[in-house]
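# Observations on the three-dimensional arrangement
Chain by chain, the residues:
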Amino acid sequence: LDFDLRRYGMLMLVGGGVGITPVIGILKDLFLLPATEPPPPPCSSLQCVVVVWVLQQAKDAATFLDVLEQCAARARESTGGALPNIVLRVHCTRAKAADIEHPLYTGRPAFGSILDDAAAQHSVKSTLIFACGPTRMVESLWDMSSVRNSPSSRVDFHHETFEF
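Residues numbered from 1 in each chain as written. Predicted model: local features only at pLDDT ≥ 70, side-chain atom pairs only at ≥ 80, totals over all residues. Heavy atoms only, no water.

### A look at the side chain of Asp156
Structurally, Asp156 is set in strand S6 (residues 154–161). A residue is classified by how much of its surface remains accessible, and Asp156, at 15% relative accessible area, is buried. A distance of 2.7 Å separates the side chain of Asp156 from the side chain of Arg154, its partner in a polar contact. With near-sequence residues (within four places) excluded, Asp156 lies in contact with Arg7, Tyr8, Thr127, Leu128 and Ile129. (Helix = DSSP H or I, 4+ residues; strand = E, 2+ residues; numbered from the N terminus. Buried < 20%, exposed > 50% of the residue type's maximum accessible area, 1.4 Å probe, protein only. Polar contact = N/O pair within 3.5 Å; in protein donor to acceptor, adjacent residues only side chain to side chain. Contact = heavy atoms within 4.5 Å.)

### Remarks on the pairing of strand S1 (residues 10–16)
Of all the seven residues making up S1, seven are buried; the element is thus mostly covered by neighbouring parts of the structure. Burial along S1 is two-sided: Met10, Met12, Val14 and Gly16 facing one way and Leu11, Leu13 and Gly15 facing the other are all buried. As paired strands, S1 and strand S2 (residues 48–55) are joined by seven bridges and run parallel to one another. Across the sheet, Gly16 pairs through a bridge with Val54, a residue of S2. Judged from the six bridges that link them, S1 and strand S5 (residues 126–133) form a sheet pairing that is parallel. (Pairing = 2+ DSSP bridges.)

### Considerations on the packing of helix H3 (residues 111–121) against helix H4 (residues 135–147)
Packing of H3 against H4 leaves a shortest axis separation of 10 Å and a crossing angle of 45 degrees. With respect to each other, H3 and H4 are oriented oblique. Of the two elements, H3 crosses H4, and the hand of that crossing is right-handed. On the side of H3, the interface is formed by Phe111, Gly112 and Leu115, while H4 contributes Met137, Leu141 and Met144. Of the residues assigned to the contact of H3 with H4, the class counts are five nonpolar, one polar and no charged. (Axes fitted to C-alpha atoms, helices over the stretch in contact; angles between N-to-C directions. Parallel < 35°, antiparallel > 145°, perpendicular 65-115°, else oblique. Left-handed = near helix turned anticlockwise from the far one by under 90°. Nonpolar A, V, L, I, M, F, W, Y, C, P; charged D, E, K, R; others polar.)

### Observations concerning the pattern of salt bridges
This structure, assessed with the given rule, holds three salt bridges. As a salt-bridge pair, Asp60 and Lys59 come within 3.5 Å of each other at their nearest N and O atoms. When its relative accessible area of 64% is taken as the criterion, Lys59 is described as exposed. One salt bridge connects Asp116 with Arg148, and the closest N-O pair in it is separated by 2.5 Å. One end of the pair, Asp116, is in helix H3; the other, Arg148, is in the loop between H4 and S6, and 32 residues separate them in sequence. (Salt bridge = Lys/Arg side-chain N within 4 Å of Asp/Glu carboxyl O.)

### Description of the packing of aromatic side chains
Taken as a whole, this structure holds two aromatic pairs when the rule is applied. Where Trp142 meets Phe157, the ring centres are 5.4 Å apart and the plane angle is 15 degrees; that geometry is what we call stacked. Of this pair, Trp142 sits in helix H4 while Phe157 is found in strand S6, placing the two residues 15 residues apart along the sequence. Note that Arg89 overlies the ring of Tyr105, its terminal NZ or CZ placed 3.7 Å from the centroid. (Phe/Tyr/Trp six-rings, centres within 6.5 Å; stacked < 30°, edge-to-face > 60°. Lys NZ or Arg CZ within 6 Å of the ring centre and 35° of its normal.)

### Focus on the pairing of S5
Along S5, eight of the eight residues are buried, which leaves the element largely enclosed by surrounding structure. Burial along S5 is two-sided: the face carrying Ser126, Leu128, Phe130 and Cys132 and the face carrying Thr127, Ile129, Ala131 and Gly133 are both buried.

### Focus: the environment of Leu5
In this fold, Leu5 is placed in the segment before S1. Given the relative accessible area of 11%, Leu5 is considered buried. In the structure, Leu5 is positioned 40 residues away from Ser45 in sequence and 9.5 Å away in space, judged by C-alpha atoms. Beyond its immediate sequence surroundings of up to four residues, Leu5 is in contact with Leu11, Ile26, Leu46 and Leu128.

Written out as structure tokens, the structure reads:
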């Protein structure tokens, strides 16, 4: 992306299926820079990153689940606010509850509730919702972001859309 994600108080990064790919790139930039690179500046504004990945089958989550969990581990190990908190939610729309465990969930995500829960734990004035995936999901998130703008809270939206 051609702007600084760290200027927001909260990020909601949503990937639908293979739309998780640009989300993984963003997460690596925020949480997993190689040891040979200088550390990123402290995320003084960025307090929380909410990651929602929507896919059909739980077995497909193995593709990037290790990277998501590495990012979560780095956030937990971080001291002094150098890295923001991270919330991981992987929604498997066709999985049975008996086949999954945290951070996997069954069914479609309630994006508004997920964002509200994270916002209730962090006092932020600006949020970026980034979405990449099927058109219907992206449009739903865009609509959600527009109605959440108010004089006291700004919600920006950025998307990439692609489908097979």
